[in-house]
Amino acid sequence: MVFAAPNDALARAEGVLDADPSPLHASVAHQVIGIWQRDWGDMRIALHHLRRAREFAARADSADREADVLAALGVALVHAGRTQQGLAALERGIERGSGHTRARVLYRRAYARWVLGRHREALEDVRRAIPVLRQVDDVIWTARALTLRATVHLALGAVDRADADFTAAEALWDTTGQEHDKADAVESRGLAAFRSGDIPVALRLLDEAEERYAKLGTPTFMLNIRRCEVLMAAGLAPEALAEADGAIAVLDGIGGQSTRKAELLLAAAQAARLAGDAHTAIARADMAVRLFAGQRRSWWETHARLVLIEARVAAGRSSGRLVADTAAVAGKLASFGAPAAPEASLLAGRIALTLGWRADAERHLGVAARSRHSGPPLARVTGWAALALRARAAGSGRGVLEACRRGLDVLDSHRMTLGASELRARATAQGAELAALAQQASLDSGSPRRLLVWSERWRSTALSTPPTRPPADPELQSDLTAFREIAARAEEARRDARPIPALEREQRRLEREIRSRTLHLRGDTPGDGHRFDPVRLLRKLGDDTRLVELAVLDGRVQVLLCGQGRVRRFEAGLLAEAERETEHVQAGLRRLAHPGAEARLPVVEAAGRRLEELLLGPAAAHLGDGPVVVVPPARLHRVPWALLPSLRERVLSVSPSASGWLRARDTEPPPGGRQVLVRGPGLATGGAEVPHLAGRYGGAVVLEHAEARVPRVLEELDGAALAHIAAHGTFRADGPLFSSLRMADGPLIVHDFERLDRSPYRIILSCCDTARFASVGADELLGLVTALLPLGTAGVVACTAPVNDAAVVPLMLTLHKGLGEGRSLAESLRDARAALPGDALHRATGWAFTAFGAA
């Protein structure tokens, strides 16, 4: 009962002890309490009750009862870090037990050996236990043994064998009432899905397991560990670190299992390293190594040592000793049959290369490269990365490019199994090294066209296809509606200076629900079906238009100037300096949005000149007189490009990638030419341009006041030719897909836009901060504009900074005048800037707006 209804079992056991039971019944009751405390409570209390259970079993003179208790006690001692005592208790249990009981004890020793990382010994114990359990038709313990065997197979990389055992176990669980075991089976299937590379299914199953555990009221530390693994593979390392640290705090608070704490520390160390926090990673990994060593868990200790070395390398440490340590870790992992062995060999080779040890590097990279043809996607990518590094060390540029191509192809296929745009974007981080190696090889080859191709290969890939939409998910729809209502109530309370902690808690809960549902979506699109073609790009650009793609190699900006049938390369400044200058410019624009800050105008203009030197360098003199398309890296998404002197008075548009610009240029407007004008609440001017625009566009749909509600707005936006939205915009750096536009019934968020069948062909967002993004993955952006571009929008006008509402009105009216005369968004925005008054406030407003795409 303790694994069917844990809390009920605990209460029943305590009731038995209160009724002066026989030694046999007292033994069972103490054992139940001990198991409950072992798995979900305080280990000290658990050990006390399990020892009492053994004493009563001895008094009852039942060898099988004593064997069973010894098995539970042995597992508890192992989890408490007393490995030798635990294994000794399990050994005594095997000696005392017979037949059926002995098979159950063998299962428990197999479990303990799995915890300790002794996988082959665990498999041997399960192999001996399963036939006996089947023979006596012990459904529950047979299912447990099959589940354990599957989990051990996963640790050894045998995914197919694990799948077969999980399937067999699940069929058995369906015939029982063991709710905790059933939840554990769902969790294990999630782990199997993750090991086979299916992250959305893994997340869905882990969330389902968590719901089942919650109904039972039991903590889920193993689930926390597994979710951390999946979150890290999905590129969500900061969330994985928060999950691990939170679980550690809970575990410490209840005096829980020492073994689980060590595993959580290891997960936290891995997450911190991936999140770029090397010092936290070192601290967590060092503590994990010491705990694992004290628990005599060499398999786990070796994995923790690998993470510790990775963190030290990330912190800038390299030495001959580190090469030797990493090689030793790789050898030990290989002896365990651990899937992480190639990763360790790759690391050893990489450190050896930095020290100039060519022979050592060649040896270690050769070992790592063997993984490129088998295993889950990220293991194969490790193999191709090792081969690329070997080729670079040998001076073979062609070999580098071929290995990078093959590795990124693997990641492309993996990425397209992800339905959520957030996961697709973050997954690109796994290919960042391959993309950088290929770019460097292209630069070394002296071919600007090749560098352009490889700069495009891994840039803004999440925007190449629309995110997968749930065809009809009433629960997601319900969560979105509830989220809007709560957010609107919270906003109203803030305006009235009323306390809102309860509303904020509920809003955060709903955000977690919405995000969780979208992350479960599996990709169903194969991609755009073709690679970037520079010849096609140059043909589309013609003789007048120039496309400026900025690539960053070794921290320096490389300018690829495309036009007039050729690609030229220029070297500009350092990316870090450009980022600092951009922050100064943004601060200046914020000041200029308020009257009385005219003195800041020369400072902002000077910063614009410095930005041009850093970002365009000598290329600024070769832009010609025609339109310019800028394709910046993700880290430069906040640059107000119209502020740069050479771009200030020309037709200028921005695109996340050259491929994206080509797709936008080829996008046809929808039939019918419907215009939609939306005016949200709370604007200082009341959205004063909207009534004027309604008069200009005679048959436009106008949504304002109570009609500007999210469901109606989405209905009208779907498939529109032109949409103009005047509303307050809010960018959420902590959750970019919850960035929003305020409507009458609450926020219209990015997740809402992603449900459109086709977003408007052209959309103008006369709102603050609508062109702000979160930079994630290798070179990806998450935000409002990037949600629209894959959904059929060919052109967007949006704002990179807070602006003065009153100054926006004449800019928007003139922009629409240009559109009515047949000009593009970029042309109309150029003319609108030129028509504004020349004072600081209006000039800053013009610079803050950018045209994205090609419409």
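Refer to the structure above for everything that follows.
Being a predicted model, the structure only gives us computed values, none of them experimental.

Participant: So what exactly am I meant to see when it comes to the sheet that holds strand β10 (residues 740-743) here?
Facilitator: Within a beta sheet, neighbouring strands are joined by backbone hydrogen bonds and run either parallel or antiparallel to one another. Read from one edge to the other, the open sheet built from three strands follows the order β9-β10-β11, with strand pairing classed as antiparallel. Lying at the two open borders of the sheet, with one neighbouring strand each, are β9 (729-730) and β11 (746-749). This element, helix α25 (residues 474-495), spans β10 and β11 of the sheet and lies at about 130° to β11. Most of the contacts of helix α32 (residues 710-717) go to β11, to which it runs at about 30°, and overall it touches β10 and β11.

Participant: Whenever I open this one, the pattern of salt bridges confuses me. Can you help?
Facilitator: Here the idea is simple: oppositely charged side chains can pair when their charged atoms come close. Across all of its chains, the model carries 56 salt bridges by this definition. We note a salt bridge from Asp68 to Arg65, for which the minimum N-O separation is 3.5 Å. With Asp68 and Arg65 both in helix α4 (residues 63-79) and three residues apart, this pair spans about one turn of that helix. Exposure remark for Arg65: the relative accessible area of 13% places this residue in the buried category.

Participant: When you look at the packing of aromatic side chains in this model, what are you seeing that I'm missing?
Facilitator: By convention here, two paired aromatic rings are described through the distance between centres and the angle between planes. Tallied over the full model, the rule gives six aromatic pairs. When the centroid spacing of 5.9 Å and the interplanar angle of 70° are considered together, the rings of Phe3 and Trp40 count as edge-to-face. In this pair, Phe3 is assigned in the segment before α1 (6-18) and Trp40 in helix α2 (residues 23-40), connecting sequence segments 37 residues apart. The residues Phe3 and Trp40 share a single accessibility class, namely buried. Pairing Trp299 with Trp300 gives two aromatic rings, centres 5.0 Å apart and planes at 75°, and the pair type is edge-to-face. Looking at Trp300, the relative accessible area reads 13%, which means it is buried.

Participant: Before we go on, may I ask you to explain the side chain of Ser653 in this structure?
Facilitator: With respect to the helices, strands and loops of the structure, Ser653 is situated in strand β5 (residues 652-654). Contacts of Ser653, omitting those with residues within four sequence positions, involve Val628, Val629, Val630, Trp661, Ala826, Ala851 and Gly853.

Here is what the cut-offs are and how they apply
Residues numbered from 1 in each chain as written. Predicted model: local features only at pLDDT ≥ 70, side-chain atom pairs only at ≥ 80, totals over all residues. Heavy atoms only, no water. Pairing = 2+ DSSP bridges. Helix = DSSP H or I, 4+ residues; strand = E, 2+ residues; numbered from the N terminus. Contact = heavy atoms within 4.5 Å. Axes fitted to C-alpha atoms, helices over the stretch in contact; angles between N-to-C directions. Salt bridge = Lys/Arg side-chain N within 4 Å of Asp/Glu carboxyl O. Buried < 20%, exposed > 50% of the residue type's maximum accessible area, 1.4 Å probe, protein only. Phe/Tyr/Trp six-rings, centres within 6.5 Å; stacked < 30°, edge-to-face > 60°.

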